[in-house]
Amino acid sequence: MKRLPLYWKIIIGMIAGIVFAILMLQVNNGVQFIVNWIKPFGTIFINLLKLIAVPLILASLIKGISDLKDISKLSKMGFRTIGFYLFTTVFAVSLGLLIANFIKPGNAVSEDTRTEMLATYGQDVEKQKEQAQQQKQTGPLKFVEDIVPDNIFNAATSNSRMLQVIFFALFLGISMILLPEKNTKPFKDFFDSTNDIILKMIDIIMMAAPFGVFALIAALVAESPSVELFKALGIYALTVVLGLSILLFIFYPLLVYLFTGRNPIKFLKQISAAQLLAFSTSSSAATLPVTMEVAEKNVGVDNEVTSFVLPIGATINMDGTSLYQAVAAIFIAQAFGMDLTLGAQLGIILTATLASIGSAAVPGAGMVMLIIVLTQAGIPEAGLALIFAVDRPLDMLRTAANVTSDCSIATIIAKSLGKLEAR
Ligand code: ASP
């Protein structure tokens, strides 16, 4: 029998998780059972993926860069990558603004709903505000300052300092290129071999993916808030979903087609395991090992490109997040009866782009950074309470968009450098 492709197994895991949770919701203590006995397996699965992220970035980036053997190749790839990442993010925010202005989801929120939401989620907003405050109380160059670690072992102890690890690996890789090969060979062999071992570890973890996804989705359904709240926020949620769907199913496939000539449907199928995992885990960082694997094995992007473009993309390229921040900002402004001027909206393009770059690749990070966008545009931060209830499902979808963007750009860069194998 032909083996079922991974994305099918993941889809089956998801559906089984939903059905299981719905059944358990009918049983006494069903939710408790899921929380106590099922959810931990989802957490273990995410931990395994995160566990591999830092060693993977180190090994693959060092291997990838030292394989380049030439600094000019690296700078060419670097400029193209950053250029594409910025372009797609600005496009995504603008699209978000456009559809939110057109659909006007905030106008559908009644006075009662607004008061109810503010009362229910007001406290949660305080916590988010504190986190955002820490980010805000820093100078304009703090972001750049933070990229350079003062101790690599310290940097490698936290997944939230991934950019520092990337910086170290880049620095090390570049220094290796500058030295004669005989001096670096033993070190390079070590990292080549480490890279192979880590890839095997990812293969093993992925065998558990359908079960991990089952546990994650079951816990999510069991713990989700009441359907009533979803209804009140329906138009807002649909606006975000519409924008993300345009990115996912039209914009990226079109970009890939235009720049590489690849069949868009085939491309989406090739990366679907990473998209589904991004959807289930809500974390681009946790999905990174799989994003790299599908881009190399299924799409045919050379390891030299994936090892550079994808870790950076997972940390800074978040189109889905930026689109969501634009829609959410407009929605909250409308719900409070505010009229945003063109100037304020253009300001949102800038802040949402920067806020998405600054968002960590973990669940809910985009919402924390949204506070900065709101403050800058003069929209009440308390409005965050309005969108709390539906944030998780939207987070799942925007993470899928974030990962799709990374894969698409890696494919385009690979093609432009002659590093895309036919598949
Ligand atoms: N969860 C998103 C990611 O990891 C970030 C966000 O929008 O919250 O890509």
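Residues numbered from 1 in each chain as written. Predicted model: local features only at pLDDT ≥ 70, side-chain atom pairs only at ≥ 80, totals over all residues. Heavy atoms only, no water.

J.: Would you mind going over the overall build of the protein with me for this structure?
T.: On a plain count of helices and strands, the protein comes out with 20 helices and zero strands. Against the globule reference of 22 Å for 423 residues, the protein gives a C-alpha radius of gyration of 22 Å, in line with a compact fold. If you line up the protein on its principal axes, its C-alpha atoms span 70 × 55 × 45 Å. Counting every position in the protein, which comprises 423 residues, the buried fraction comes to 53%. The contacts in the protein between residues at least 6 apart in sequence include a share of 84% that link residues at least 24 apart. With the model as given, the accessible surface of the protein reaches about 19,200 Å², and the carbon-plus-sulfur share is 66%. With 31 positive and 29 negative side-chain charges, the protein shows a spacing of 8 Å between the two charge centroids. (Helix = DSSP H or I, 4+ residues; strand = E, 2+ residues; numbered from the N terminus. Rg over C-alpha atoms; globule rule 2.2 N^0.38 Å. Buried < 20%, exposed > 50% of the residue type's maximum accessible area, 1.4 Å probe, protein only. Contact = heavy atoms within 4.5 Å. Areas by Shrake-Rupley, 256 points an atom, 1.4 Å probe, with all protein chains shown as cover. Lys, Arg positive; Asp, Glu negative; His and termini not counted. Charge placed at Lys NZ, Arg CZ, Asp CG, Glu CD.)

J.: Could you clarify how one ought to interpret helix α20 (residues 391–416) in this entry?
T.: Think of an α-helix as turning once every 3.6 residues; residues three or four places apart then point the same way. Taking 1.5 Å per residue, 26 residues should reach 38 Å; α20 reaches 37 Å between its end C-alpha atoms and fits that length. When you tally the buried positions in α20, you get 22 out of 26 residues, the bulk of the element. (Expected span 1.5 Å × (residues − 1).)

J.: Just checking my understanding: could you explain the site of the ligand for this structure?
T.: Every one of the 16 residues lining the ligand counts as a neighbour, but Ser284, Thr321, Gly366, Asp395 and Arg398 are closest to it. A distance of 2.7 Å separates an oxygen atom of the ligand from a polar atom in the backbone of Gly366. Relative to its unbound accessible surface of 270 Å², the ligand loses 100% to contact with the protein. More than half of the atoms belonging to the ligand lie within 2 Å of the grid points that define the largest cavity. Contributing elements (two or more residues each) for the shell around the ligand: α18 (365–377) and α20. With four residues, the single largest contributor to the shell around the ligand is α20. (Near = heavy atom within 4 Å. Polar contact = N/O pair within 3.5 Å; in protein donor to acceptor, adjacent residues only side chain to side chain. 1 Å grid on protein atoms, 1.4 Å probe; cavity = no way out; pocket = protein on both sides within 12 Å on 5 of 7 lines; lining within 4 Å. Sits in = over half its atoms within 2 Å of the grid points.)

J.: Would you take a moment to explain a nonpolar patch on the surface for this structure?
T.: Among the surface-exposed residues, Phe41, Ile44, Leu48 and Leu51 lie close enough to one another that they form a single nonpolar patch of about 400 Å² accessible area. Structurally, the position occupied by Leu48 is in helix α2 (residues 30–68). (Patch = residues over 30% accessible without salt bridge, like charges linked within 9 Å, V, L, I, M, F, W, Y side chains within 5 Å. Salt bridge = Lys/Arg side-chain N within 4 Å of Asp/Glu carboxyl O.)

J.: Just checking my understanding: could you explain the side chain of Asp319 for this structure?
T.: Tracing the backbone shows Asp319 in helix α16 (residues 319–335). Of the buried charged residues, Asp319 lacks a salt bridge, with Arg398 as the closest side chain of opposite charge at 12 Å. In this structure the side chain of Asp319 is engaged in a polar contact, spanning 3.0 Å, whose partner is the side chain of Thr89. Within the local environment of Asp319, its side chain forms a polar contact with the side chain of Tyr252, the two groups lying 2.6 Å apart. Once you skip the residues sitting within four places of it in the chain, Asp319 turns out to touch Tyr85, Thr88, Thr89, Ala92, Leu247, Tyr252, Asn402 and Ser405.

J.: Mind showing me how you'd approach the packing of aromatic side chains here?
T.: Within a pair of aromatic rings, the relevant descriptors are the distance that separates the centres and the angle that separates the planes. All chains considered together, the criterion is met by ten aromatic pairs. Relative to Phe191, the ring of Phe190 has its centre 5.2 Å away and its plane inclined at 85°; by these criteria the two rings are edge-to-face. For Phe191, a relative accessible area of 13% corresponds to the buried category. Of the aromatic side chains, those joined through ring pairs into one cluster are Phe87, Phe91, Phe251 and Tyr252. Arg398 extends its terminal NZ or CZ atom over the ring of Tyr324, reaching a point 3.9 Å from the ring centre. (Phe/Tyr/Trp six-rings, centres within 6.5 Å; stacked < 30°, edge-to-face > 60°. Lys NZ or Arg CZ within 6 Å of the ring centre and 35° of its normal.)

J.: Would you mind showing me how to read the layout of surface pockets here?
T.: Over the atoms rolls a probe the size of a water molecule, and in doing so it shows where empty space is left. Of the volumes computed, that of the second largest pocket is approximately 940 Å³. Elements with a contribution of two residues or more to the lining of the second largest pocket: α1 (6–26), α2, α4 (111–136), α9 (209–223), α13 (272–281) and α20. Element by element, the count of residues in the lining of the second largest pocket is highest for α9, at six residues. When the residues that make up the lining of the second largest pocket are grouped by side-chain class, the tally is 18 nonpolar, eight polar and seven charged. (Points joined across faces, edges and corners; volume = space filled by probe spheres on them. Nonpolar A, V, L, I, M, F, W, Y, C, P; charged D, E, K, R; others polar.)

J.: Before we go on, may I ask you to explain the environment of Gly418 in this structure?
T.: Position of Gly418 relative to the elements: it lies in the segment after α20. The spacing of Gly418 and Asn159 is 259 residues in sequence and 32 Å in space, taken between C-alpha atoms.

J.: Sorry if this is basic, but what is going on with empty space enclosed by the protein here?
T.: Inspection of the entire model under this criterion finds one cavity of 30 Å³ or more. In this structure, the largest cavity encloses a volume near 60 Å³. In terms of lining, the largest cavity is formed by 15 residues, of which the most central are Ala360, Val362, Asp395, Thr399 and Asn402. Mapped onto the lining of the largest cavity, the elements with two or more residues apiece are α18 and α20. Classifying every residue of the lining of the largest cavity by side-chain character gives five nonpolar, eight polar and two charged.

J.: It is not clear to me how the pattern of salt bridges should be interpreted in this structure. Could you clarify?
T.: Two side chains bearing opposite charge may form a pair once their charged atoms approach each other closely. Going through the model one piece at a time under the given rule, you end up with twelve salt bridges. Residue Lys188 pairs with Asp67 through a salt bridge whose shortest N-O separation is 2.6 Å. Of this pair, Lys188 sits in helix α8 (residues 181–207) while Asp67 sits in helix α2, and the two are 121 residues apart along the sequence. This pair shows no difference in class: Lys188 is buried, exactly as Asp67 is. In this structure, Arg423 engages Glu421 in a salt bridge whose closest nitrogen and oxygen atoms are separated by 2.7 Å. Arg423 gets classed as partly exposed once you look at its relative accessible area, which sits at 38%. Of the residues examined, Glu421 reaches a relative accessible area of 46% and is grouped as partly exposed. Each of Lys63, Asp67, Lys188 and Asp192 takes part in salt bridges that share partners, so that together they form one network.

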